[in-house]
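What follows is each chain in one-letter form.
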Amino acid sequence: MNNENRKIKHVITSCGCDFLIPLTLVLLFDIILHGHLSPGGGFQGGVLMVAVFTLIYLGYGYDSIKTVKGGILHDTEGIASIFYVVFAMLGVVYGGYFCENILFRSGNIGDLWSSGTIFLMNAAVGAKVLTGVGMLALYMLAILSQIRKDS
Amino acid sequence: MITFNYIASFFLIALGFYTIITKFNLVKAVIGLSIADYGVNLLIISIGYVPGGTAPIFTQGEITQLSYFVDPIPQALTLTSIVIGACVTAMSMSLVMKLHESYGTLDTREIRRLHG
Amino acid sequence: MSNFMNYIHFPIYSVMVLFLGAFLIVVLGKNKTLRSIIAVLSVSISLACMIALIKPVMVNGEVIAYWMGNRVPAGGYAIGIAMEVDALSLFFGLLISTAVFVSTVYSIQYMAHDENIPQYYTLLLMLAGGVMGLVLSGDIFNMFIMVEILTFAAVALTAFRNRVFGALEAAFKYLVVGCMGSTCILAGTIMLYANAHTLNFAQLSAIIPGNMNTSTKIAFALLFVGFSTKAFIVPFHPLAADAHGAAPASISVLISGVLTKSGIYGIIRLTYFLFQTMGLSTFQFLLVFIGCVSMFLCVTMALAQHDFKRLLAFHSISQIGYVLTAVGLFTAVGFSSGIYHALNHTLFKGLLFLAAGAVLHETGTTNLDELGGLSKKMPHTTVLFLIGAFSISGIPPFNGFASKWMIYQACYQKAVESGNIGYVLVTVICLVTSVLTLASFVKVSQSVFFGRLPEKYENVKEVSFGMRLAMGIFALLCVLTGLFPDLVGKYLTQPAATAAFNASSYIDAMLGEGYAASAMGPFLPAAQNVVFYEAGVWSPMSWLLIMCIVLLAITIVAVTSKYDRVSAVSSGEADAKHALFFSGEEAVYSQVGGSDLFWGFKHNWRHYFSFMHDLHSGILNDYALWAVVDLALVMLFMLIVL
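The structure presented is a predicted model; accordingly, all values stated were derived computationally and were not measured.

**A look at the overall build of chain B**
Next, step 1: Secondary structure assignment for chain B yields 3 helices and 0 strands.
Next, step 2: For 116 residues, the compact-globule formula gives about 13 Å, and the C-alpha radius of gyration of chain B, at 20 Å, lies well above that figure.
Next, step 3: Seen along its three principal axes, the alpha-carbon backbone of chain B occupies a region of about 65 × 30 × 20 Å.
Next, step 4: Sorting the 116 residues of chain B into buried and exposed places 30% on the buried side.
Next, step 5: Residue pairs at least 24 apart in sequence account for 58% of intrachain contacts in chain B once pairs closer than 6 positions are excluded.

**Topic: the overall build of chain C**
Next, step 1: A count of helical and extended segments in chain C gives 26 helices and 2 strands.
Next, step 2: Relative to all contacts within chain C whose residues are 6 or more apart in sequence, the contacts with residues 24 or more apart total 79%.

**Some details on the interface of chain B and chain C**
Next, step 1: Facing the 34 residues of chain B at the interface are 36 residues of chain C.
Next, step 2: Residue assignment for the side of chain B that touches chain C shows that the elements contributing at least two residues are α1 (2-22), α2 (26-47) and α3 (73-103) of chain B.
Next, step 3: Counting residues per element, the side of chain B that touches chain C draws most heavily on α3(B), which supplies 12 residues.
Next, step 4: Grouping the constituent residues of the side of chain B that touches chain C by class yields 21 nonpolar, 8 polar and 5 charged.

**So, the nonpolar core**
All names here are of chain C.
Next, step 1: If you look at the biggest cluster of nonpolar residues, it comprises 271 residues, and the most contacted ones within it are L127, V176, L351 and L354.
Next, step 2: Ranked by the residues each element gives to this core, the list is headed by helix α7 (residues 167-196), at 19 residues.
Next, step 3: Contact partners of L351, with chain neighbours within four places excluded, come to L384, I387, G388, M471, F474, A475 and C478.

**A look at helix α2 (residues 32-52) of chain C**
Residue and element names in this part refer to chain C.
Next, step 1: Here α2 contains 21 residues, and its C-alpha end-to-end distance of 30 Å stays within 8% of the 30 Å for a straight helix at 1.5 Å per residue.
Next, step 2: Of the residues making up α2, those classed as buried are R35, S36, I38, A39, S42, V43, S46, C49 and M50.
Next, step 3: Against the buried residues of α2 lie α1 (10-28), α4 (87-110) and α5 (117-136).

**Side note on the interface of chain B and chain A**
Next, step 1: Facing 6 residues of chain B, the contacting portion of chain A comprises 5 residues.
Next, step 2: Broken down by class, the residue content of the side of chain B that touches chain A amounts to 4 nonpolar, 2 polar and no charged.

**Here we look at the environment of C:F398**
Residues and elements named next belong to chain C.
Next, step 1: Topologically, F398 is positioned in the loop between α15 (379-393) and α16 (399-418).
Next, step 2: The spacing of F398 and F484 is 86 residues in sequence and 9.8 Å in space, taken between C-alpha atoms.
Next, step 3: Setting aside anything within four residues of it in sequence, one finds F398 in contact with I387, F390, S391, C478, V479 and G482.

**Thoughts on the environment of B:S34**
Residue and element names in this part refer to chain B.
Next, step 1: With respect to the helices, strands and loops of the structure, S34 is situated in helix α2.
Next, step 2: For S34, a count of 17 C-beta atoms within 10 Å corresponds to the partly exposed category.
Next, step 3: Each C-alpha atom of the pair S34 and T64 lies 40 Å from the other, and the pair is 30 residues apart in sequence.
Next, step 4: Beyond its immediate sequence surroundings of up to four residues, S34 is in contact with G85 and T89.

**Description of the confidence of the model for chain C**
Do not read the fine detail of predicted coordinates wherever pLDDT is low.
Residue and element names in this part refer to chain C.
Next, step 1: Model confidence for chain C is summarised by a mean pLDDT of 86, while 90% of its residues fall at 70 or above.
Next, step 2: Per-residue pLDDT stays below 50 along residues 565-582; that stretch engages in 13 contacts with residues further than four places along the chain or on separate chains.
Next, step 3: Here the predicted complex scores 0.91 on pTM and 0.96 on ipTM.

**Quick notes on the packing of α1(B) against helix α26 (residues 620-641) of chain C**
Next, step 1: Their axes nearest at 7 Å, the elements α1(B) and α26(C) cross at an angle of 145 degrees. Only C:N621, C:A624, C:L625 and C:V628 of α26(C) make contact with α1(B), whose side of the interface consists of B:F17, B:I20, B:I21 and B:T22.
Next, step 2: Across the contact of α1(B) with α26(C), the residue classes tally to 6 nonpolar, 2 polar and no charged.

**Focus on the pairing of strand β1 (residues 64-67) of chain C**
All names here are of chain C.
Next, step 1: Where burial is concerned, the two faces of β1 agree: the one with I64 and Y66 and the one with A65 and W67 are both buried.
Next, step 2: Judged from the 4 bridges that link them, β1 and strand β2 (residues 82-85) form a sheet pairing that is antiparallel. Paired with A65 across the two strands is E84, which belongs to β2.

**Describing the packing of helix α6 (residues 140-158) of chain C against α7(C)**
Residue and element names in this part refer to chain C.
Next, step 1: At a minimum axis distance of 9 Å, the contact between α6 and α7 shows a crossing angle of 175 degrees. Regarding the angle of α6 to α7, the classification is roughly antiparallel. Along its contact with α6, which presents I140, F141, F144, V147, E148, T151, V155 and T158, the element α7 presents A167, A170, A171, Y174, L175, G178, C179, S182, I185, L186, T189 and L192.

**Considerations on unusual backbone geometry**
All names here are of chain C.
Next, step 1: A cis geometry characterises the amide bond from V234 onward to P235, with omega recorded as 0 degrees.
Next, step 2: With respect to the helices and strands, P235 occurs in the loop between α9 (214-231) and α10 (237-246).
Next, step 3: For F232, which is not glycine, the phi torsion reads 60 degrees and is therefore positive.
Next, step 4: Turning to its location among the elements, F232 is positioned in the loop between α9 and α10.
Next, step 5: Overall, F232 belongs to the buried group, with 29 C-beta atoms counted inside 10 Å.

**Focus on the environment of C:F401**
Residues and elements named next belong to chain C.
Next, step 1: Note that F401 resides in helix α16.
Next, step 2: The spacing of F401 and P540 is 139 residues in sequence and 9.9 Å in space, taken between C-alpha atoms.
Next, step 3: Once residues lying within four places of it in the same chain are set aside, the contact partners of F401 are G394, I395, P396 and G482.

**Examining helix α14 (residues 332-363) of chain C**
Residues three or four positions apart in an α-helix share a direction because the helix packs 3.6 residues into each turn.
Next, step 1: Along its 32 residues, α14(C) runs 46 Å from first to last C-alpha, staying within 8% of the 46 Å computed at 1.5 Å per residue.
Next, step 2: Phi turns positive, to about 85 degrees, at C:G364, one or two residues after α14(C).

**A few points about the confidence of the model for chain B**
Next, step 1: When pLDDT is averaged along chain B, the result is 89; 99% of the residues meet or exceed 70.
Next, step 2: By mean pLDDT, α3(B) is the weakest element of chain B at 92, and α2(B) is the strongest at 95.

The rules behind these values
Residues numbered from 1 in each chain as written. Chains lettered and ligands numbered in written order. Predicted model: local features only at pLDDT ≥ 70, side-chain atom pairs only at ≥ 80, totals over all residues. Helix = DSSP H or I, 4+ residues; strand = E, 2+ residues; numbered from the N terminus. Rg over C-alpha atoms; globule rule 2.2 N^0.38 Å. Buried ≥ 20, exposed ≤ 12 C-beta atoms within 10 Å, placed from the backbone. Contact = placed C-beta atoms within 7 Å. Nonpolar A, V, L, I, M, F, W, Y, C, P; charged D, E, K, R; others polar. Core = buried A, V, L, I, M, F, W, Y, C linked by C-beta atoms within 7 Å. Expected span 1.5 Å × (residues − 1). pLDDT = per-residue confidence, 0-100. Axes fitted to C-alpha atoms, helices over the stretch in contact; angles between N-to-C directions. Pairing = 2+ DSSP bridges. Parallel < 35°, antiparallel > 145°, perpendicular 65-115°, else oblique.

So this is what it looks like as structure tokens:
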């Protein structure tokens, strides 16, 4: 009786997560990419990654989370941060000041590719927060499953 | 309406500090710190309020002398402050986990090996 | 590429290269040589940018106003984020880059046996970048962000060695009370924004002093308490003691030399520039009172300590008390002696912490009761430690004497000029604290470096060359700033003091000529000429000569007479008839433990010491209570006095 209940609960939660995870991922990338046009931006989109990892853990257990490679996330975080500094320094290199928007007149107002270096900096911050907070969630979930396995 | 926001935010800050002082559990100290941060966030966002203003999203042609919008700077400051609050919570909870592993207790009256 | 080398970009280079180095180490950190090269290269470029700015800013007296993204003020209102470098910022920037450079060179060898080393270098460079951003920033919200960055990095570095006794709890207490302080800074910043609707520091300095109302006074109290949390003055000193004792030695150098100075920088910017309340004598009383209490309380707490690094931490806060007292006097001599003492404190306290780290690295303990006689095994470290100990006690040719002499002169002159007899009491407290510092360092040198070597430390060797090089750089700078105080004054402290007393040139450089006069009207601070004369006639070179002659005499006597205390005691053990007197055992040499020196003094003051010991209970709730009580008292003071 108990085993049956557990199996039904597993099926229900994994169906629910199947429905929610793609929606959350699409929302995440939409918020990051439209950061210069609507409320949102790098951080707000990146934090949703914790929700994605938690949904995968709830629906499928720790075995699916284990396969996410922490090394790639760690390196991506560093590379995204370096890109942020590079985009900010572009202003100094091309004759202006730090953080100057040198691609000022690119695209029309309201387009996706419109506000020059602001868009690029936004994407870099979004990538950094996504990977950084995601790694935090992975560590916490690992410790949680370790405690569950011990007890 | 707006005075009520200010009173509520100072009450939250005071409540947060009170929690850190009187509760003897480490997790409650972290919660108190978070409550104080949320109180400051409420204060920041209430300062930018202009009665009857709209959202400050305009393009080049739409903005005129008569456009009446709320102050956008405190909104940016609030977002930054929310990020910082989240980071403080994350770091302090990691320290609480390691403290529990190494001392075996979460009582602040027991965790006092460095004193005098 | 000529825009790249224009010197107005140098402040932003020295901040960004540190952050860029941190991010590069995240990606490339596994390789040991690459990691060391990136770290040393970033801090060297940062130091070089600061040194290259001495000529335009200090010598020519120019103020660099840098708007990010070239968003210059429109319609008289500041709309961008600014960086402003005047002589005061550059002084603190030089101090910070030097300390970070030496600490990085030291930690290459010191942290070689730890685990998670790439994370250490990342955090170290983030801490350095945060502090450089704080002192070079011209925007008050940017200062708050940098304060948060440096708090996180310092907390993570304090807890870096998880298994050290008390590291985790020191980091947790520092995090909780430090974040209470940052919350206060943010609340104060927002209340200032609500009054002036700008976040630019120069524009706030023009608008706020003429329009003080209740909310700006509360904002002043919140900002003052927030920055004094970062500076670790009373009543936040127990956090410093815990954090210094638990952190690795290269990080203790940064916490005591750089973080405390950033708090002092914040307080100077608040009182001299933003609110301009230093003219009131009751307000000078607040700073001088807090400074005197910090000085005296911490030096007496230091006498009762058993741990080497905790003792050094209490002395560090006591010297910060000196700086705050001198800055609070609001005279030209006072201010320049205060910041000269801040520079000297970074140098000699850094040297002392590095020597303590060397001892810990070789022997594995910092307990004063267990160490002893290390001068035979580690002679270079002993000499460098003694240079630091002479400096902090204020012995003539070294730098501590030069700045302390100027502080005594400043306090006494203030007593004479203002006719207030209380400042004579302040001078007496400064002198007594100096004597107690000397006593404490006699105790430390005796119990760690001289005396008998315990058997378990027979295999201790001298530390490696990289660590001695770092200590040697600090020692050389200590000696140089002591021998040439007039050069230090002409190039470093006097331009900074001139900048502090002329807030209107700071405001004009950022917002255009004449802005200060038009915006402030009758509250315009008068441009003061910073001129003062030093008391007494003393020439550092002759004192150095006297000290060398005395040391030579002591060395000749010690070497030629073959004086050895150990053989004097145990010479009686060969005689069997004395064995009965010691109940059949051989003569035992009893080591006087480090904390038992000056026992008479401690016995007479035992009620005070036991009261202080119980008060510093180590419970987080007590420290938070002191923080809130301090906030309440300062708020009451501001509302009543201003």
